[in-house]
Every structure is written in C-alpha cells, then in structure tokens.
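# Commentary on secondary and tertiary structure
One letter stands for each residue in the lines below.
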Amino acid sequence: MTNKSHKYLVIPGPVEVREEILQAQTKWMIGHRSKSFEELFASLQTKLRQAFVTSSRVFVSGSSGTGLWEGAARNCIRDGHKALHLVGGAFSERWAEVSQLNGKQVDVISVEWGKAHTPEMVAEALQKSRYDAVCIVHNETSTGVTNPVKAIAEVVRQYEDTLVLVDTVSGFLGAELRVDEWGIDLALTSSQKAFALPPGLAFAAVSDRVLERAKQVTNRGYYFDFVEIEASLKKNNTPSTPPVSLMFAADQQLTDVLAEGLEARWARHTQMRDMTTAWAQQRAFGVFAQESYWSPTVTCVANGRGIDVDEMAKFMGGKGFSMDKGYGKIKGKTFRIAHMGDMQPTTLEEVLSGIDEFVGA
Ligand SMILES: *Cc1c(COP(=O)(O)O)cnc(C)c1O
C-alpha cells in the first residue's frame, strides 16, 4: 500500500481498486459529444460484449446498479402484466420492492435466507401464472448464495413472453456468466463489486427482446428509457452526460480483465471461495449458505464460535484490512469475507491468518 492510512477493502462493495485504475480516472476531461468520446464508448462496447459473453449491446449507465433495477422494471413489464421475483436475501428483497414501487405487479417465490432457488420452483410458478419477466439475483451478496441461473433461465425460456432478468451485481467478472448461451435477456451489474472499479457506473447486457418489450410500455420514465439509451448507443453515445472519468477507468480495467481471461478470472475466484469455505469449516465457524451454492465472490461466514465481530473488525483494521460485520437481519450472527475483484489468493491468506490470530487459533 502506498498510503498507510488506507485500509485494503475486504468488504463486499465497494471493493479494493488498483492504483493504475484510480490513476486512469485522472486523464484530461473530454466533451461527451466529441469524436474522442465516441472512440472511448466504442472501445468500451467491444470489451463489455466480450465480458458479458454476448453479441448484443451493453448499456453503460451513470448510476449505481439500483438505477438499472428501476430501468428493468419500467421497460420490461407491461401494464396489467406481472413480474416474478425470486427472493432469498436482502438484495433480492429490495429488487422486488423496487419493481413494486415503480407501479408493477409482483409475485415472489421466497426461500429462507441462505437457500438457493431451484429450476423446479420456477417451473411450478410458471405453470400457474403468466409473467412478463422472471427476476433472478445471480449472486445474493447478503447470504453468499449463487443461484443456478443457467438452469433457471432454461426453464423460463420455454415461455415466449417471459423475459429473463438477472442481477449479477456481485457476480459479474467473478462468477461464471454467459449471457447469450444461457438465454439471459438482461444482465445488470455495478462497477464497484467484482468489476473492481470505483462506484458510480452500472452496466446492462440487453437483448433485442427487451427492446421490443420496452416499445410496448407507455411510461418508461426518462432517465432509464431503454429505447432512448439504445438510440444513443447506436451513435456511440449516451442520452445525457456520462461519468467520463469512470469510463476511462472502466476501459483500462476491461483491458486488464480480458488479458487475465474470463475463465482464469472465474477460476481465481473459485479458488478463493474454496480457500475461505475450507477455512471457515476447519475453524468451526461454518458457512451460512446452503452447500453447493457457495458464492465464488463472497463467503457469508456463520459465526459458530460467537466471536465479537466488532472487535474482530477493529483488530483487522490494525492490520490494514477493512472488514464486513454482516448484513441486515443476520448481522453479527454472520460476517462476510469478500474475495472478489482483483484480490489475489495471497492477500486472502493474509486476511484469514489475521482472523486466526484474533481468535487465537
Ligand atoms: C450491491 C448490490 C446491489 C446494489 O447495487 P448498487 O450499485 O449499490 O446500487 C444490488 N444487487 C446486489 C446483488 C448487490 O450486491
């Protein structure tokens, strides 16, 4: 670390950003209606399509991921139609609420926190009712569960009018995701999770089916009107002023991510997941999430030893690490170790041995 007062972020967002990426934000400003900006946008677009494994467009939004939740609700669900939300943690709960607050009718399939959704649950719901969209959180950051998106999408794709919408905010670039091959219509993410950028940008891979649907909705709002965003995107631009500095950083980060290789990046995350879950079990903490759905990007450690999580975080702060203390209703009963972004296994080892020192293991 170049700055002693900086603590390395082990929290599940925002995550640690490498110095080269922070530096990329300090380039001279350019006007967003200039040729230089069009080039930046086009460069980002090419790399983003590779990163999402899609040949469709990828929207770049000057907002956090939450903004694209609103966009998804407003553009993908017609009046008088319904969305099916799969809820099993703090973020999937909030996404369902966002759709409702945008005036949409929402049904939910709820599972206990820490459990995953199965394709069977979704198949049953789709037999009973018609939906404009099924909304799935790829990686539930509050509980450390990765849902079987590929298998669920396969079920949904049997219904022609039902779009597959995926929140991969904390999964993207850490957990395997193949937008076209898996039949996903919309996959949205934020910059500050496994993408390892500063906060402030959101991205969404968007299918033609989504755009056709959007045209059938009367009130799409303004800022997240997908039809307008698409019209600008075709000219390598955005409808309103974008966060240009963050886009410089994103362009650099995507170059580095693609140089590492998507599969290698996914494998590094899986390796860190395995290190963390094995450690949690050996130390008699336990893993909160249902086995076989453990997230490659964040482990929700069950606090089986009943340690004082605040004291642990304080101790780790002294070692230069900023720690999480658990989220929402499972705070303290659990704490999360994020192993996402550009974190290397050697850094994770330091984190785990630091906690060992705290508990006296
Ligand atoms: C962090 C997070 C969000 C919220 O994203 P913002 O960028 O903070 O708006 C949504 N979903 C999941 C799964 C998240 O982890």
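Since this is a predicted model, take the numbers as computed values, not measurements. (Residues numbered from 1 in each chain as written. Predicted model: local features only at pLDDT ≥ 70, side-chain atom pairs only at ≥ 80, totals over all residues. Heavy atoms only, no water.)

Looking now at the overall build of the protein chain. In terms of helices and strands, the protein chain carries 12 helices and 13 strands. Scaling as 2.2 N^0.38, a compact globule of 361 residues should have a C-alpha radius of gyration of about 21 Å, and the protein chain matches this with 20 Å. A principal-axis box enclosing the C-alpha atoms of the protein chain has dimensions of 60 × 55 × 35 Å. Buried residues in the protein chain amount to 59% of all 361 residues. (Helix = DSSP H or I, 4+ residues; strand = E, 2+ residues; numbered from the N terminus. Rg over C-alpha atoms; globule rule 2.2 N^0.38 Å. Buried < 20%, exposed > 50% of the residue type's maximum accessible area, 1.4 Å probe, protein only.)

Here we come to the packing of helix α10 (residues 262-282) against helix α12 (residues 345-359). The interhelical angle for the contact between α10 and α12, taken along N-to-C directions, is 15 degrees, at an axis separation of 10 Å. Viewed along their axes, α10 and α12 adopt a mutual orientation that is roughly parallel. Classified by chirality, the crossing of α12 by α10 is right-handed. In this structure, α10 uses R268, Q271, M272, M275, T276 and W279 to contact α12, whose residues at the interface are P345, L348, E349, L352, I355 and D356. (Axes fitted to C-alpha atoms, helices over the stretch in contact; angles between N-to-C directions. Parallel < 35°, antiparallel > 145°, perpendicular 65-115°, else oblique. Left-handed = near helix turned anticlockwise from the far one by under 90°. Contact = heavy atoms within 4.5 Å.)

Moving on to the site of the ligand. For the ligand, the set of nearby residues contains 14 residues, the closest of which are S64, T66, T141, S190 and K193. Between the ligand and D167 there is a distance of 2.7 Å, counted from a nitrogen atom to a side-chain nitrogen or oxygen. The element contributing the most residues to the shell around the ligand is helix α3 (residues 65-76), with 3 residues. (Near = heavy atom within 4 Å. Polar contact = N/O pair within 3.5 Å; in protein donor to acceptor, adjacent residues only side chain to side chain.)

In this section: the packing of aromatic side chains. The final tally for this structure, using the stated rule, is 12 aromatic pairs. An angle of 45 degrees between the planes, with centres 6.2 Å apart, marks the rings of F37 and F41 as tilted. In this pair, F37 and F41 both sit in helix α2 (residues 35-52), 4 residues apart, roughly one turn of the helix. Since its relative accessible area comes to 0%, F37 is described here as buried. (Phe/Tyr/Trp six-rings, centres within 6.5 Å; stacked < 30°, edge-to-face > 60°.)

The next subject is the sheet that holds strand β8 (residues 163-167). Ordered in space as β2-β10-β9-β8-β5-β3-β4, the 7 strands form an open sheet in which the pairing is mixed. Edge positions in the sheet fall to β2 (57-61) and β4 (105-110), since each has one partner strand and no second. Mean inter-strand twist for the sheet, computed between neighbouring axes without regard to direction, equals 20 degrees. Bridge count for β2 against strand β10 (residues 202-206) is 5 bridges, and the pairing is antiparallel. When the bridges of β10 are listed, F59 appears paired with A204. On top of the sheet, α2 reaches β2, β9 (186-190) and β10; it is set at about 120 degrees to β2, its chief contact. Together, β2 and β9 form the strand contacts of helix α8 (residues 226-233), whose direction differs from that of β2 by roughly 105 degrees. (Pairing = 2+ DSSP bridges.)

What follows deals with empty space enclosed by the protein. Inspection of every chain in the model, using the stated rule, returns 1 cavity of 30 Å³ or more. Size it by volume and the largest cavity reaches roughly 50 Å³. Every residue along the wall of the largest cavity is listed here: L86, G88, S92, V111, K115, H117, V137, E140, V145 and N147. Residues of the lining of the largest cavity, tallied by class, amount to 4 nonpolar, 4 polar and 2 charged. (1 Å grid on protein atoms, 1.4 Å probe; cavity = no way out; pocket = protein on both sides within 12 Å on 5 of 7 lines; lining within 4 Å. Points joined across faces, edges and corners; volume = space filled by probe spheres on them. Nonpolar A, V, L, I, M, F, W, Y, C, P; charged D, E, K, R; others polar.)

On to the domain arrangement of the protein chain. By the assigned domains, the protein chain splits into domain 1 (8-16 + 261-359) and domain 2 (19-258). Taken residue by residue, the interface counts 28 residues in domain 1 and 36 residues in domain 2. Taking both sides of the interface into account, the surface hidden between domain 1 and domain 2 amounts to around 2,500 Å²; carbon and sulfur atoms contribute 60%. On the domain 1 side of the contact with domain 2, W266, Y293 and Y327 bury the most area, a combined 25% of that side's loss. Where domain 1 packs against domain 2, one counts 1 salt bridge. A salt bridge links R178 to E263, with the shortest nitrogen-to-oxygen separation between them at 2.9 Å. Our enumeration of links across domain 1 and domain 2 arrives at 17 residue pairs in polar contact (both at pLDDT 80 or more). The set of elements that each furnish at least two residues to the side of domain 1 that touches domain 2 consists of α10 and β11 (298-302). In terms of residue count, α10 provides more of the side of domain 1 that touches domain 2 than any other element does, 5 residues in total. For the side of domain 1 that touches domain 2, the per-class residue count stands at 15 nonpolar, 7 polar and 6 charged. (Domains from an automatic or database assignment. Buried area = accessible area lost by both parts, 1.4 Å probe. Salt bridge = Lys/Arg side-chain N within 4 Å of Asp/Glu carboxyl O.)

Our focus in this paragraph is the pattern of salt bridges. Here the structure, examined in full by the defined rule, presents 26 salt bridges. Taken together, the salt bridges that share partners define one network made up of R18, E20, D256, E260, R265, R268 and D342.

Here we take up the pairing of β4. Summarising the sheet, strand β3 (residues 82-87) and β4 pair through 6 bridges and their orientation is parallel. Paired with L84 across the two strands is D107, which belongs to β4. Handedness of the crossover is the feature at issue here: the chain leaves β3, passes through helix α4 (residues 90-101), returns alongside β4, and the resulting connection is right-handed. (Right-handed = clockwise from strand over helix to strand, strands pointing away.)

What follows deals with the nonpolar core. With 79 residues, the main nonpolar core has L48, F52, L165, I184 and F203 as its most contacted residues. Considering each element in turn, this core owes the most residues, 8 residues, to helix α9 (residues 244-260). Once residues lying within four places of it in the same chain are set aside, the contact partners of F52 are V58, F172, L177, R178, V179, A187, T189, F203 and A205. With 26 residues, the next largest nonpolar core counts V287, W294, I307 and A313 among its residues. (Core = buried A, V, L, I, M, F, W, Y, C linked by side-chain atoms within 4.5 Å.)

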